[in-house]
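# Report on the structure
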Amino acid sequence: MNNRFRVGEVARLFKLPASTLRYYDEIGLFRPKYTDPETSYRYYGVEQFQVLDTIIFLRKNGFSLKDIQHQLDQRTPETTMEILKKKLEEVRTEIFRLQRSAARIENKISTIEEGIKLAGHPALTFQYFPKRAVSYLYFDKPVDLMVEGDDIYLKDKETLSSQSIENNGFFTGDIGTVVDMESLKQEGPVKYIGLFELLHEEDSEEYLNEGLYASYPHIGPYEDMRKSYQLVLHQLKEKGYELEGIPVEISVLDEAVIKESDRFVTLIQIPVKKSFD
């Protein structure tokens, strides 16, 4: 039985590209052991195959070529345990990161599904919310976000860039606003005293108050928000509810997922209580 093999034969046996074996040869990781004195052809010996299996195992489990070379050069139980434990910790960290990413993606899928449902059947509903963690990008005097929103956004980005805080970006369902109640009683645009990021299951020093909220989806551009407030406030009065706090708005479907502003979905949420008058 032939116990010596050319590059192509080894590549076929181990289902590897021949270029990979040539690269391992070039960097000194796994070289042919035999050279035919007459033809100068180089051959791998079958006794080398266990080393190649080791390389394949380690590569498929995320080890760098540097770590593999170290393991092959030292090749003691102690050094092998060392690199395995190091890699295991890296893998567990990556699993945790991927689990968090999966949870965020699932949250976005649920948000979009909710937005599509609300857009198809807009209606006033009532829902009890526990306190929700937020991080305020702005909380100050009333502003027209159509005019000053870009400046607030830019200021927040500049602040974050100067700090050692990871930028995870914003996506649909992340941003909310706190309404200026006085602006609802006046002509002109609805104004806002707060702009916040919903933190989705994370802890914070800042929260939206828990309680019963009347919820209504505003369908369309932000400039038309007043029409939806007029409708909601009228329905609340008819149903015997009064405001218990300051309304907030949660962006459900925005420019991140829809090009046309007339299809935006913004959820108006107003803290309420049943009137006993």
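Residues numbered from 1 in each chain as written. Predicted model: local features only at pLDDT ≥ 70, side-chain atom pairs only at ≥ 80, totals over all residues. Heavy atoms only, no water.

### Thoughts on the layout of surface pockets
Here the largest pocket defines a volume of roughly 1200 Å³. Looking at the lining of the largest pocket, the elements that each hand over two or more residues are α5 (77–120), β5 (132–143), α6 (145–161) and β7 (192–198). Tallying contributions element by element places α5 first for the lining of the largest pocket, with eight residues. Considering only residue class, the lining of the largest pocket consists of 12 nonpolar, nine polar and 13 charged. As for the second largest pocket, its lining consists of 31 residues, of which L145, I175, L195, Y222 and E255 are closest to the centre. Put simply, the parts of the chain that give the lining of the second largest pocket at least two residues each are α6, β6 (175–179), β7, α8 (225–239) and β11 (248–253). Considered class by class, the residues forming the lining of the second largest pocket number 16 nonpolar, seven polar and eight charged. (1 Å grid on protein atoms, 1.4 Å probe; cavity = no way out; pocket = protein on both sides within 12 Å on 5 of 7 lines; lining within 4 Å. Points joined across faces, edges and corners; volume = space filled by probe spheres on them. Helix = DSSP H or I, 4+ residues; strand = E, 2+ residues; numbered from the N terminus. Nonpolar A, V, L, I, M, F, W, Y, C, P; charged D, E, K, R; others polar.)

### Some thoughts on the pairing of β11
Most of β11 is tucked away, with six of its six residues classed as buried. By the bridge criterion, five bridges tie β11 to strand β12 (residues 265–274) in an arrangement that is antiparallel. Directly across from I250, in β12, lies its bridge partner L267. (Buried < 20%, exposed > 50% of the residue type's maximum accessible area, 1.4 Å probe, protein only. Pairing = 2+ DSSP bridges.)

### Thoughts on the pattern of salt bridges
Tallied over the full model, the rule gives 10 salt bridges. For the salt bridge of E242 with K273, the shortest nitrogen-to-oxygen distance reads 3.6 Å. On the criterion of sequence distance, the pair formed by E242 in strand β10 (residues 241–243) and K273 in strand β12 is long-range, its members being 31 residues apart. For E242, a relative accessible area of 31% corresponds to the partly exposed category. Two residues, R263 and E260, come together in a salt bridge whose shortest N-O distance is 3.7 Å. The structure contains a network of salt bridges with shared partners spanning D25, R31 and R42. (Salt bridge = Lys/Arg side-chain N within 4 Å of Asp/Glu carboxyl O.)

### Observations regarding the UniProt feature "coiled-coil region" (unreviewed entry) in the protein
Taken from the UniProt record, the annotation "coiled-coil region" (unreviewed entry) applies to residues 81–108. Taken end to end, residues 81–108 is 100% helix and 0% strand, and its two terminal C-alpha atoms sit 40 Å from one another. (UniProt positions renumbered as here; feature names shortened; annotations may be inferred.)

### Description of the environment of Y138
By the secondary structure assignment, Y138 is in strand β5. You can call Y138 buried: its relative accessible area is 16%. The contact partners of Y138, leaving out residues within four places of it in the chain, are V143, I152, Y192, I193, G194 and L195. Among the polar contacts listed, one links the side chain of Y138 to the backbone oxygen of K141, at a separation of 2.7 Å. (Contact = heavy atoms within 4.5 Å. Polar contact = N/O pair within 3.5 Å; in protein donor to acceptor, adjacent residues only side chain to side chain.)

### A closer look at helix α2 (residues 18–26)
Of all the positions in α2, only L21, Y24 and D25 are classed as buried. Angularly, the buried residues of α2 cover 105 degrees about the axis, an arc narrow enough to put them on a single face. Relative to its buried face, α2 has exposed residues pointing more than 90 degrees away, namely R22 and E26. Residues of α2 that are buried in the fold lie against α1 (7–14), β3 (42–45), α3 (49–60) and α4 (65–74). Of the residues flanking the end of α2, it is G28, one or two places downstream, whose phi is positive at about 80 degrees. (Arc of directions from axis to C-beta.)

### Notes on the packing of α1 against α2
Axis separation between α1 and α2 bottoms out at 8 Å; the angle between their running directions is 115 degrees. Here the hand of the crossing between α1 and α2 comes out right-handed. Touching V7, V10 and A11 of α1 are A18, L21 and R22, all from α2. Residue composition of the contact of α1 with α2, by class: five nonpolar, no polar and one charged. (Axes fitted to C-alpha atoms, helices over the stretch in contact; angles between N-to-C directions. Left-handed = near helix turned anticlockwise from the far one by under 90°.)

### Digging into the packing of aromatic side chains
Tallied over the full model, the rule gives eight aromatic pairs. Taken together, a centroid distance of 5.5 Å and an interplanar angle of 85 degrees make the contact between F129 and Y213 edge-to-face. With a gap of 84 residues between them, F129 in strand β4 (residues 125–129) and Y213 in strand β9 (residues 211–219) connect regions that are remote in the sequence. Judged by relative accessible area, which is 12%, F129 ranks as buried. Measuring from centroid to centroid gives 5.9 Å for Y136 and F196, while their planes differ by 75 degrees, and the two rings are edge-to-face. In this pair, Y136 is assigned in strand β5 and F196 in strand β7, connecting sequence segments 60 residues apart. Within the aromatic cluster, the residues linked to one another by ring pairs are F5, F14 and F49. In this structure, R4 is placed above the aromatic ring of Y34, and the distance from its NZ or CZ to the ring centre is 3.9 Å. (Phe/Tyr/Trp six-rings, centres within 6.5 Å; stacked < 30°, edge-to-face > 60°. Lys NZ or Arg CZ within 6 Å of the ring centre and 35° of its normal.)

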